[in-house]
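Listed here are the chains, written in short residue letters.
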Amino acid sequence: MKKVESSTVRANLITRSLIPENKETPIQFLKDDNVSDKLFYRRNHFSYPNFLTSFYYLPIEGFVYSSKTFSLEEILTFPPKTLKVVLECAGDKRDLFKPKVFGEQWEKGAISHGSWKGVPLRTLLQFTGLHADAKEIVVEGYDVGERTDSNEIVHFSRSLPLEKALDSNTIIAYEYNGYPIPFKHGYPLRLIVPGWYAMASVKWIKRIKVIDKKFKGPFQSVDYVYYPHEDNNNESFPVTTINVNSTIQKPLDMQILNTGIHEIKGIAWTGVGKITKVDISLDNGATWNACQFTSSTENYAWTHWSYIWEIKEQGEHTILIKATDSEGNVQPEKPMWNRKGYGYNAIERIKVKIE
Ligand SMILES: Nc1nc2c(c(=O)[nH]1)N[C@H]1C(S)=C(S)[C@@H](COP(=O)(O)O)O[C@H]1N2
Ligand SMILES: [Mo]
């Protein structure tokens, strides 16, 4: 009998839908901080676009002094910036909301981490200039399709307010982990908006348009809006910054363990500032202990944490994890329920049984 090599036993993406392709990362089994495209979650609103990548140009137009079309070669000549960034889908952990909400039932794997290299958007805008009335920058993707709510045929497009668009960390990326961006993740150019939920990071950029008003595209005015109420749109507000959050990677939820010593470990991340603290509770929140950081803590990147647990008592145990960031944001006990199920970040909770 042929021996099965351990190198052939590996994790795969978990399929949520095939057309469009929506698949999540098996986050419990992820070891790499530069997530390879094999394990990078995929979130698409439409089928993959068809366009000539060998004849690619990026136009910037609208409320600018002079429109300009950049070639890829020209973009590669500008001073680059490389950033380690968490991309998290706003719908990550959606399946945990109670009551449940409609939409892709993402568990904990609609998140990735890697190194993006590109040119700050502001560098390109220095060539075109901005009109005094300029208000927002719209970034349009090559992908198109029909909206289920309006039957309208639209491109995936999103805007950024000037302040975020001109932030030196908002980049037009052309490399991921040292290589051209994999096609499914936005080749040849992708907007990367560190600190914001990943709907802002538009793939396959077709053009950039400066406008003098608020952008009203459906991926901004219908979707990616927090609707706090079940039956009306009162008090709604846009989804932007990533909430402070954490995920346990080991042990697994509902795993059976022996008495003894176990390492509990995982990741924590936030959209503003850095992770400053990750606390663990093994008694349903009565007492909390600090976890150790096992990686550096940096803006926009995820942080690894670990806790060594010595457990002698058999039976069921709940493990709670609560991250805090440098802005004082803490994971709440209850998530902010909203009709479209965005931004879930309640205290991370799993159960294990000790035998
Ligand atoms: N052009 C385009 N950009 C897009 C999307 C899309 O459907 N089309 N989806 C957005 C959403 S909601 C997420 S979560 C991320 C997913 O990026 P990934 O597929 O590289 O993981 O891309 C964002 N950018
Ligand atoms: Mo998303």
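Parameters and conventions
Residues numbered from 1 in each chain as written. Chains lettered and ligands numbered in written order. Predicted model: local features only at pLDDT ≥ 70, side-chain atom pairs only at ≥ 80, totals over all residues. Heavy atoms only, no water. Near = heavy atom within 4 Å. Polar contact = N/O pair within 3.5 Å; in protein donor to acceptor, adjacent residues only side chain to side chain. Nonpolar A, V, L, I, M, F, W, Y, C, P; charged D, E, K, R; others polar. Domains from an automatic or database assignment. Contact = heavy atoms within 4.5 Å. Buried area = accessible area lost by both parts, 1.4 Å probe. Salt bridge = Lys/Arg side-chain N within 4 Å of Asp/Glu carboxyl O. Helix = DSSP H or I, 4+ residues; strand = E, 2+ residues; numbered from the N terminus. UniProt positions renumbered as here; feature names shortened; annotations may be inferred. Pairing = 2+ DSSP bridges.

## Focus on the site of ligand 1
Around ligand 1, the structure places 18 residues, and the nearest of them are Tyr41, His45, Asp143, His185 and Lys203. Arg190 has a polar side-chain atom sitting 2.8 Å from an oxygen atom of ligand 1. Here the residues of the shell around ligand 1 are counted per class, giving nine nonpolar, four polar and five charged.

## As for the domain arrangement of the protein
Segmenting the protein into domains produces domain 1 (14–223) and domain 2 (245–354). Inter-centroid distance (C-alpha atoms) of domain 1 to domain 2 is 29 Å. With 32 residues of domain 1 in contact, the opposing surface of domain 2 contributes 27 residues. In total, about 2,500 Å² of surface goes out of reach between domain 1 and domain 2, with carbon and sulfur atoms giving 56% of it. A per-residue breakdown of the area domain 1 buries against domain 2 is headed by Lys84, Lys93 and Phe97, which together make up 23% of the total. The partner of Asp223 in a salt bridge is Lys340, and the shortest N-O contact between them spans 2.7 Å. For the interface between domain 1 and domain 2, the tally reads 19 residue pairs in polar contact (both at pLDDT 80 or more). For the side of domain 1 that touches domain 2, the secondary structure elements donating two or more residues are β5 (81–88) and β6 (111–120). Here the side of domain 1 that touches domain 2 is built from residues that sort into 16 nonpolar, six polar and 10 charged.

## Considering the UniProt feature "domain: Oxidoreductase molybdopterin-binding" (unreviewed entry) in the protein
The sites that UniProt annotates as "domain: Oxidoreductase molybdopterin-binding" (unreviewed entry) are residues 45–218. Helix makes up 10% of residues 45–218 and strand 38%. Its end C-alpha atoms lie 12 Å apart.

## Let's talk about the sheet that holds strand β17 (residues 260–269)
Strand order in the open sheet formed by four strands is β15-β17-β21-β20, with antiparallel pairing between adjacent strands. Looking at which strands have only one partner, the edges of the open sheet turn out to be β15 (245–250) and β20 (292–293). With nine bridges joining them, β17 and strand β21 (residues 303–311) adopt antiparallel strand pairing. Residue pairing in the sheet places Ile261 in a bridge with Glu310 of β21.

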